[in-house]
Amino acid sequence: MSHKQTPSQTVGPYFAYGLTSDQYGYRLKSLLQPYTTDDNTIGERIRVIGHVLDGNGNPVDDAMIESWQANAEGRYSGPSGNTGFKGFGRVGTGSDPENRFWFNTIKPGALEDGQAPHLNLIIFMRGLLSHVYTRIYFSDEIEANSHDLVLNAMEETRRATLVAKRQETPQGIVYHFDIHMQGDRETVFFDV
Amino acid sequence: MPFQARDWDRHPALIYPPYKSTVLRGPTRPLIPLRQTISETTGPFFSPEDLDPNDNDLTKNGRVNGEPLGERIIVAGRVLDEGGHPVPNSLIEVWQANAAGRYVHLVDDHDAPLDPNFQGGGRCMTDGEGNYRFYTIKPGAYPWKNHPNAWRPNHIHFSLFGPAIATRLVTQMYFPGDPLLEMDPMFQSAPAEARDSLIGRFSLDITEADFALGYIFDIVLRGKDATPVQQ
């Protein structure tokens, strides 16, 4: 390799007016939002929501979470992608009263290569010098999860940190997923 | 085709005690290796049509009743991958403090004036050769609470996508000759041999006479892994 990777640095506490401007009420028009669909997108509408917690179990109020996912057929968006479904969302934890992250999206399908349905998360925050990756799997996909190679490559207690809990509410389907940066329930983070 | 691994000889550790907030936020357990799948080797696409004409000009896109104060600068460069290939048609987002060292973010309560004509956020796409260009004001240094009398060096925050979520990078560009660099825990967290690549290079070539000083800041993202897969 002729060139060396530029080092990562933390996103810092003040990204909102640049990266998540609409969500926080700043002036710049946002390119990315906490939703990945439009009215025409086909699929089961879901909300994925949860806390980001530090080593003391306290909510992180200045994290930025991004999510990349396939559509309901298990296909990722390409350059001439499906109109309206970008498959990529971005949200900060600073506006929710409980400092949660959330995505309003559709449940992704299983992938052609056999992977169980999942969201791919990228996590940034003040105090994180390099971003980290994790995944969200779905509690109701018991069969698919049992065959998923990524889930099977780790031991059971760690595997549990990657599964979001499905809840049926009058407002729709909600999946709960907390991100623990440290501690007994530390979420699995991947070296991608 | 998978990407080269993240080169941890080039990136800061996740827990770096001189930067205090890493102590409670950096993962403590080793990252679990993940063999790249289509999930990691794909990522979102953006188009120039998504952008407004002044998105890359921070001296214009925040104006209300005049021009922002401070030294006008051009920040330009190429986004390449480790193999030296350009990264074309890729989104770059930037954000920074104003010339006085104050962010418009409501949480920033540093006692330095806001500039009504400066927001400090912008974005552009790299062209077919990986080139990008921003116009902005040189951001001021500002104090932060990491340790007594702590000051962040002048810096511009950069966020890049590259072709896949695996190539995603958030970093900061610093300025040459800044005396604060050797005392800044964030800058110092980068491995020693890698630090230079975080510093923009003054260039008379991209300086526009009578208008703005120019700095070149090239960014290198993860490249494709050319190693043939053993069957």
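Thresholds applied
- Residues numbered from 1 in each chain as written.
- Chains lettered and ligands numbered in written order.
- Predicted model: local features only at pLDDT ≥ 70, side-chain atom pairs only at ≥ 80, totals over all residues.
- Helix = DSSP H or I, 4+ residues; strand = E, 2+ residues; numbered from the N terminus.
- Buried ≥ 20, exposed ≤ 12 C-beta atoms within 10 Å, placed from the backbone.
- Contact = placed C-beta atoms within 7 Å.
- Rg over C-alpha atoms; globule rule 2.2 N^0.38 Å.
- Core = buried A, V, L, I, M, F, W, Y, C linked by C-beta atoms within 7 Å.
- Nonpolar A, V, L, I, M, F, W, Y, C, P; charged D, E, K, R; others polar.
- Pairing = 2+ DSSP bridges.
- Axes fitted to C-alpha atoms, helices over the stretch in contact; angles between N-to-C directions.
- pLDDT = per-residue confidence, 0-100.

Trainee: If you had to explain the overall build of chain A to someone new, which residues and values would you point to?
Mentor: When helices and strands are counted, chain A shows five helices and ten strands. Out of the 192 residues in chain A, the part that is buried amounts to 52%. When contacts within chain A are restricted to residue pairs at least 6 apart in sequence, those whose partners lie at least 24 apart make up 70%.

Trainee: Describe the overall build of chain B, naming the residues involved and giving the relevant values.
Mentor: Counting secondary structure elements, chain B contains one helix and twelve strands. Counting helices and strands in the order they occur from the N terminus, chain B gives β-β-β-β-β-β-β-β-β-α-β-β-β. For chain B, the C-alpha radius of gyration of 19 Å lies close to 17 Å, the compact-globule estimate for 231 residues. Of the contacts formed within chain B by residues at least 6 apart in sequence, a portion of 71% connects residues at least 24 apart.

Trainee: Help me get a handle on the nonpolar core, residues and values and all.
Mentor: In globular proteins that are soluble, nonpolar side chains generally tend to be buried together. All names here are of chain A. Counting 98 residues, the largest nonpolar core has Val 48, Ala 63, Ile 123 and Phe 124 as the members making the most contacts within it. For this core, the element with the highest residue contribution is strand E5 (residues 118–125), accounting for six residues. Those residues in contact with Val 48 that lie beyond four places of it in its chain are Trp 102, Phe 103, Thr 105, Leu 119, Ile 136, Ala 164, Tyr 175 and Phe 177.

Trainee: Before we move on, can you summarise the interface of chain B and chain A with the specific residues and values?
Mentor: When the parts come together, some accessible area is lost, and that loss is often what is quoted as the size of the interface. Tallying the contact residues gives 67 residues for chain B and 61 residues for chain A. The set of elements that each furnish at least two residues to the side of chain B that touches chain A consists of strand E1 (32–33), strand E3 (91–95), strand E4 (121–125), strand E8 (155–160), strand E9 (169–174), helix H1 (185–189) and strand E12 (219–221) of chain B. If you tally residues by element for the side of chain B that touches chain A, the top one is E9(B), at four residues. The residue inventory of the side of chain B that touches chain A, partitioned by class, reads 30 nonpolar, 23 polar and 14 charged. Pairing geometry for strand E10 (residues 190–191) of chain A and E1(B), over two bridges, is parallel. Bridged to A:Asp191 within E1(B) is B:Pro33.

Trainee: Please give an account of the sheet that holds E4(B) that cites residues and values.
Mentor: All names here are of chain B. Strand order in this open sheet of four strands is E4-E3-E8-E9, and the pairing throughout is antiparallel. Since the sheet does not close on itself, it has two edges, and those belong to E4 and E9, each with one partner. Strand-to-strand twist across the sheet, computed as the mean angle between neighbouring axes with direction ignored, equals 25 degrees.

Trainee: So, the pairing of E9(B): which residues are in play, and what are the values?
Mentor: Residues and elements named next belong to chain B. Counting buried positions along E9 gives six out of six residues, so the element sits mostly inside the fold. When E8 meets E9, the two strands line up antiparallel, connected through six bridges. By the bridge assignment for E9, Ile 156 is matched with Met 173.

Trainee: Describe the environment of B:Tyr16, listing the residues and the values that go with them.
Mentor: In this fold, B:Tyr16 is placed in the segment before E1. Residue classification places B:Tyr16 among the buried positions, given that 20 C-beta atoms sit within 10 Å. In sequence terms B:Tyr16 and B:Met186 are 170 residues apart; their C-alpha atoms lie 9.0 Å from each other. Ignoring sequence-local partners within four residues, the contact set of B:Tyr16 consists of A:Leu129, B:Thr22 and B:Ser189.

Trainee: Kindly report on the confidence of the model for chain B, identifying the contributing residues and their values.
Mentor: Overall, the prediction assigns chain B a mean pLDDT of 96, with 98% of residues at 70 or greater. Taken together, the chains of this predicted complex give a pTM of 0.97 and an interface ipTM of 0.96.

Trainee: With reference to specific residues and values, describe unusual backbone geometry.
Mentor: Despite not being glycine, B:Asn89 has its phi angle at roughly 50 degrees, a positive value. One can find B:Asn89 in the loop between strand E2 (72–81) and E3.

Trainee: Describe in detail the pairing of strand E6 (residues 132–138) of chain A, supporting the description with residues and values.
Mentor: All names here are of chain A. The buried fraction of E6 amounts to seven of the seven residues, a majority that puts the element mostly inside the structure. Relative to E6, E5 runs antiparallel, the two sharing six bridges. Across the sheet, His 118 pairs through a bridge with Tyr 137, a residue of E6. The loop that links E5 with its antiparallel partner E6 comprises six residues; one of these, Gly 127, has a positive phi angle of about 90 degrees. In this sheet, strand E7 (residues 163–169) lies alongside E6 in parallel orientation, the contact comprising two bridges. Across the sheet, Tyr 137 pairs through a bridge with Val 163, a residue of E7.

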